[in-house]
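A structural walkthrough
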Amino acid sequence: MKKGILWIAAALLLLTAACRPTPNQDFVVNKADGGMEAKLSGPAVTGPQTFPSRWDENGYAANDWLTLTFDAEILQKADGLYPVYRTKQHMYSQNEVVDWLNRLAPDPVETYQYVATKADVQQRFQEYLDQLAEQDAWVAAGKPDWGDRDEYVPTEEERQQMYTYYQGQIEQAPESIETTPVSGYGGIKLPLSHQVYTLKDGSSVNATAFADERTNFIILHKNVKTDGYLYYEYYLEEDRDDPEMKTPAAWKPVTLERSDAEAMLQKELKRLEIEDFSIMRAVPANLYDMDKEIRSVAQGWAFRLTRNYADYPTVEVPYEPSQSLKYGGGDEFIATPYIREEFIEILIGSDGLAYIEFTGPKDVTGRVNENVELLPFDELQTRVKNAFTACLTGSWWEREGKKADLKIYRMLLTTYTVKERNSDEYLEVPCWIIFYDTDEWEANRRGDMDLMHDALVINAIDGSIVHTDWGC
């Protein structure tokens, strides 16, 4: 597992990938041989396709050092029907961004772009001087135990460099922020626009819009003057252990009931004409303004929405094809390019919508197959075992001469976006997301929404292994 979401450039190739074979087995999974396309163009399955609700199997010896333990719930569609959709990236136009902002926050009367003023930079300089004084006092006291702290003491040369830096910043900073009267959002300029607007009712919105050939998004924070930050309740436990973190102290309790927030959410979605999205997760959150001091400007429920492709199941935790698995290299091992995830994040507070982010929008251009034929479960089981056996070859355990017990705890049959062969469009393909952990630390964090969870991703149509070309 890894914390955070990678922002890495997409790369070249197209569809699915294979793991390299181990020396004693001939295991190659799909070299983009057209097997999936043949099923997609063939007739739809006439009835539901169902799978067991669990996979329980202990002690499968993959090789001398790797054991696989299956204690996995299996999440699948309730109706057993697995359609495949064709989609394409939707690029925001100037007019669309203006239309979105007019619906989200109508009647702007003035705008400004936040920059640090002389007073702001002077305050930061004073904070730096206060930190130096506190560090010098700690050294003069003989470096006693004053709690967890950075023990590095800057040299005189380093201090002089910082003095010069702050003096230059103070000289360049304006005395105050200039505002410009506006009667709408026509001044938005792509590919990047980041402005703060004052509305007719006296409230403010911080609006960011970005669009280029790889990704695009719109983010709007209400009553945020500088930089907004959505802070989830589950951040508190970890951040409270760090004495340098100021975010926990700014937290305000969420008193809004989820049911009330969800009712308000549905009204907002209807007003904004957002359709075909369902709730992936909902967590209490605060909207912070990262000003001179961190302020909580709204408290409520943060809803993450994903496009609803015919009620395919979802899970709350983020996941991606594991980067610790060795997928192989060379022309025969085809990876899907990095495709920006499509989602909407909305914070609903007691006063309604306080934050919205719409990232990676897509257009659904049609259904390719109403109910595509999936691999039978026994064949899938063989594919999963072979994949872990092949892809973990050369891993840390083998190099260290240790034994590994890989625990597979969840299997999710849902859509995953892959590049369509010889096309600029995508396919939303039913795939098996195989969640696993390798030690007790990971096992204790299976429900952690602040971690990117490793998964083996297998195309449910042809059994090929899907992974991402991160462009590294």
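Above this note sits the structure.
Residues numbered from 1 in each chain as written. Predicted model: local features only at pLDDT ≥ 70, side-chain atom pairs only at ≥ 80, totals over all residues. Heavy atoms only, no water.

Re the packing of aromatic side chains
Each aromatic ring pair is specified by the distance between its two centres and by the angle formed by the two planes. Short version of the rule: Each Phe, Tyr or Trp ring, with Trp reduced to its six-membered ring, pairs with another whose centre is within 6.5 Å; inter-plane angles below 30 degrees give stacked pairs, above 60 give edge-to-face pairs, and intermediate values give tilted ones. Numbering of helices and strands starts at the N terminus; helices are DSSP runs of H or I of at least 4 residues and strands are runs of E of at least 2. The classification of residues rests on relative accessible area computed with a 1.4 Å probe and restricted to protein chains. Under 20% of the type maximum is buried, over 50% is exposed, and intermediate values are partly exposed. For a lysine, the NZ atom is tested; for an arginine, the CZ atom; a charge sits over a ring if that atom is within 6 Å of the ring centre and within 35 degrees of the ring normal.
By the definition in use, this model includes 27 aromatic pairs. Ring geometry for Tyr231 against Tyr288: centres 4.9 Å apart, planes inclined by 20°, an arrangement best described as stacked. On the criterion of sequence distance, the pair formed by Tyr231 in strand E10 (residues 228-232) and Tyr288 in strand E11 (residues 277-290) is long-range, its members being 57 residues apart. Tyr231 gets classed as buried once you look at its relative accessible area, which sits at 0%. Here Tyr288 falls in the buried class, since its relative accessible area comes to 0%. An aromatic cluster of three or more residues is present, and its members are Tyr229, Tyr231, Tyr232, Tyr234, Tyr235, Trp251 and Tyr288. Over the aromatic face of Tyr82 sits the side chain of Lys77, whose NZ or CZ is 5.8 Å from the ring centroid. Here the guanidinium or amino end of Lys77 rests over the ring plane of Tyr312, the centre of that ring lying 5.1 Å away.

Thoughts on the pattern of salt bridges
Here is the rule: Any Lys or Arg side-chain nitrogen found within 4 Å of a carboxyl oxygen on Asp or Glu counts as a salt bridge.
Counted by the stated rule, this structure contains 22 salt bridges. The salt bridge involving Lys385 is made with Glu57; its shortest N-O contact spans 2.9 Å. Separated by 328 residues along the polypeptide, Lys385 in helix H8 (residues 377-391) and Glu57 in strand E2 (residues 54-61) bring together distant segments of the chain. A salt bridge links Asp99 to Arg103; the nearest nitrogen and oxygen atoms lie 3.1 Å apart. Of this pair, Asp99 and Arg103 both sit in helix H2 (residues 94-104), four residues apart, which is roughly one turn of that helix. Among the residues examined, Asp99 registers a relative accessible area of 38% and is labelled partly exposed. Taken together, the shared-partner salt bridges in this structure form one network comprising Arg54, Asp56 and Asp71.

A look at the side chain of Thr359
Worth spelling out the cut-off: Polar contacts, as counted here, are pairs of nitrogen or oxygen atoms within 3.5 Å of one another; within protein the pair requires one atom able to donate a hydrogen and one able to accept it, and residues that are adjacent in sequence qualify only if both atoms are side-chain atoms. Two residues form a contact once any of their heavy atoms are found within 4.5 Å.
With respect to the element layout, Thr359 can be found in strand E16 (residues 352-359). Of the polar contacts made by the side chain of Thr359, one reaches the side chain of Glu357; its length is 2.8 Å. Look past the residues within four positions of Thr359 in its chain and what remains in contact with it is Asn216, Phe217, Arg340, Glu341, Glu342 and Phe343.

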